[in-house]
Amino acid sequence: MSIEQKYVDAAVAHRRALHKRPEPGWCEFETTYRVVSTLKDFGFEVKFGLDAIEPAAVMGRNEAEVDAAIARAIEAGVPQTFIDQTGGFTGAVGLLDTGREGPVTALRFDIDCVMVEESTDPEHEANQGGYASEIAGCMHSCGHDAHTATGLGIAQWIADHQDALKGRFILLFQPGEEGTRGAKSLMEKGWVDHVNYLYCCHIGGDAKLGEGCIAESGFLATSKIDITFTGAPSHAGSDPEKGRSALIAAAAAALLMQAIPRHSQGASRISVGTLHAGEGRNVTPVHAKMQVETRGATHEINQYMRDNVYRICEGIEKTHDVKVDVVTVGEGTTLQTTKEGTRILSEVMREVLGEKFVTLPSPGASEDCTFLMRRAIECGADCGYFMFGCNHKGHHRANFEIQDEVSLGVGLNILARLVEHLNGR
Ligand SMILES: [Zn+2]
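Residues numbered from 1 in each chain as written. Predicted model: local features only at pLDDT ≥ 70, side-chain atom pairs only at ≥ 80, totals over all residues. Heavy atoms only, no water.

Draft legend 1. Fine view of the state of the cysteines. Following the criterion strictly, the structure yields zero disulfides and no others. Between Cys201, a cysteine without a disulfide, and Cys200, which holds the nearest cysteine sulfur, the sulfur-to-sulfur distance is 7.5 Å. Of the residues examined, Cys201 reaches a relative accessible area of 3% and is grouped as buried. (Disulfide = S-S within 2.5 Å. Buried < 20%, exposed > 50% of the residue type's maximum accessible area, 1.4 Å probe, protein only.)

Draft legend 2. Spatial organisation of the domain arrangement of the chain. The domains assigned to the chain are domain 1 (5-219 + 334-423) and domain 2 (221-331). Between domain 1 and domain 2, the residue contacts involve 12 residues of the former and 12 residues of the latter. Across the domain 1/domain 2 interface, buried area totals approximately 810 Å², and carbon plus sulfur atoms make up 49% of it. On the domain 1 side of the interface with domain 2, the three residues burying the most area are Met59, Thr334 and Ser366, jointly 46% of the side's total. Two residues, Glu331 and Lys184, come together in a salt bridge whose shortest N-O distance is 2.8 Å. At the boundary of domain 1 with domain 2, the tally comes to four residue pairs in polar contact (both at pLDDT 80 or more). Taken together, the residues of the side of domain 1 that touches domain 2 break down into four nonpolar, five polar and three charged. (Domains from an automatic or database assignment. Contact = heavy atoms within 4.5 Å. Buried area = accessible area lost by both parts, 1.4 Å probe. Salt bridge = Lys/Arg side-chain N within 4 Å of Asp/Glu carboxyl O. Polar contact = N/O pair within 3.5 Å; in protein donor to acceptor, adjacent residues only side chain to side chain. Nonpolar A, V, L, I, M, F, W, Y, C, P; charged D, E, K, R; others polar.)

Draft legend 3. Quick look at the side chain of Lys224. With respect to the helices and strands, Lys224 occurs in strand S7 (residues 221-230). Lys224 sits in the buried class, given a relative accessible area of 11%. Of note is the side chain of Lys224, whose polar atom sits 2.8 Å from the side chain of Glu293. The contact partners of Lys224, leaving out residues within four places of it in the chain, are Gly179, Thr180, Val292, Glu293, Arg295, Val327, Thr328, Val329 and Gly330. (Helix = DSSP H or I, 4+ residues; strand = E, 2+ residues; numbered from the N terminus.)

Below you can see the structure in the form of structure tokens.
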């Protein structure tokens, strides 16, 4: 079985429109509007904004960025009434009940972009196709536009085939996956507490175009940490002893963090990614801001790295007599799946892909759908994770490409066959 071409064509059209208007985490208002309108057209009941997510569990949401995104969305034609209904929060959940007794199947798709400026190379796919990013500094360079489009594609397929299906569907369109900031807000809303199945997927990785693979474990647990140092000003020439340098405190902290001893029980990582400090050449620097991330092969190893970062900050506060504020703005854990969830997925992938169903090393980055999967498993669900491939030169790069006409078809075929397998009559 292969799904009809019209589903692939529609998904490609959505993907290209989304690619043109990439929005970072918690700023996905145009994207959410497209998702909500499209799901409603297909006959789904749709919850969005504050009806889809738990605001207390939202991480790393920047109010100023959100305001700018809302203004941009309105300018692009998103109705003010819709923005008002979101309560200022993005994300959507589509619900469809076939009216027949059967399993509850949840599928999760992330919708945000990466802070990357898209390549201007005329050979680049999006430039060739005339759908390059119109938003400066933002690009779908991790393929979440493809995920959103695939989610809409499978929604259409489910709606069209619901007479042949049983049970219920919950399609989760998750904001803020980059920086692992969004999944917890869906989890805390309880969307996966009463499901029988939860499946998540990602395009690309090590899978080539036409290929697909399964991940049973992997992903590093991670914490994203923002640190603000506040010192005291003074004239750097006439009375340096009266100042407290936030810059020197931050620099010292950065070196101590990179020197955290590595863990014997598995991989550990730390990255001091940004450091901005100082006001002027002859002023003792009062402000410094630092973005740090830790990762670990297990939840415990990441916790060890994270605890060390917090302790270093406490020490620096005393040593340098500056104020240090530490906030965790994103978190992800390691991937958990179930044997049964993976068994079903393997059967489906083998059927759809044949010898293009490949075995690849488990993913080494991080993903926050891991929280949703953990919760679903705790509540008794079966879960699985798959990747559908594309030929690319690296995620999060300005020249990331996905060959949507082929790759989206592969993703949709896997999902449609999976849905048929789980919820077919
Ligand atoms: Zn991604």
